[in-house]
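Here is how the chains run, residue by residue.
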Amino acid sequence: MEMMIGQQALISIFSHIFFTGVAFYALRAMTFENWIRKNHVLQAQILYIFLSIALGTSVSTFFLNISSWSRQLPYLF
């Protein structure tokens, strides 16, 4: 039982990191320069990182939930 919990935690960590990286890569396609004030580059970079984390975490949670729910489907029958 403890091994299964450890594996699930490891999968969750890797999933969150992977999807945060994908979100960071995907956000690079957008141009935020029009919304950024001059001399506020550091704040814009921090916002960029936070947006990546929020988007990556929500996508990762979605996939982890779908995976968990699909494993519980056999209990329906």
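Everything in this summary refers to the structure shown in the same document. What you see is a predicted model; the values in this text were computed from it and never measured.

Moving on to the packing of aromatic side chains. Considering all chains together, one arrives at 4 aromatic pairs under this definition. With 5.0 Å between their ring centres and 70° between their planes, Phe24 and Tyr48 make a pair best called edge-to-face. In this pair, Phe24 sits in helix 1 (residues 2–27) while Tyr48 sits in helix 2 (residues 41–72), placing the two residues 24 residues apart along the sequence. Relative accessible area serves as the criterion here: at 36%, Phe24 is assigned to the partly exposed category. What makes Tyr48 buried here is its relative accessible area of 16%. In this structure an aromatic cluster arises from ring pairing among Phe18, Phe19, Phe62 and Phe63.

A volume near 370 Å³ is recorded for the largest pocket. For the largest pocket, the lining is made up of 16 residues, of which Phe32, Ile36, Ala44, Gln45 and Tyr48 are closest to its centre. The dominant element in the lining of the largest pocket, judged by the number of residues it contributes, is helix 2, at 7 residues. The residue makeup of the lining of the largest pocket, split by class, is 10 nonpolar, 3 polar and 3 charged. A volume near 280 Å³ is recorded for the second largest pocket. Lining of the second largest pocket is provided by Met4, Gln7, Gln8, Ile11, Ser12, Leu64, Asn65, Ser67, Ser68, Arg71 and Gln72. No other element matches the 6 residues that helix 2 contributes to the lining of the second largest pocket. Looking at side-chain class alone, the lining of the second largest pocket contains 3 nonpolar, 7 polar and 1 charged residues.

About the cut-offs
- Residues numbered from 1 in each chain as written.
- Predicted model: local features only at pLDDT ≥ 70, side-chain atom pairs only at ≥ 80, totals over all residues.
- Heavy atoms only, no water.
- Phe/Tyr/Trp six-rings, centres within 6.5 Å; stacked < 30°, edge-to-face > 60°.
- Helix = DSSP H or I, 4+ residues; strand = E, 2+ residues; numbered from the N terminus.
- Buried < 20%, exposed > 50% of the residue type's maximum accessible area, 1.4 Å probe, protein only.
- 1 Å grid on protein atoms, 1.4 Å probe; cavity = no way out; pocket = protein on both sides within 12 Å on 5 of 7 lines; lining within 4 Å.
- Points joined across faces, edges and corners; volume = space filled by probe spheres on them.
- Nonpolar A, V, L, I, M, F, W, Y, C, P; charged D, E, K, R; others polar.

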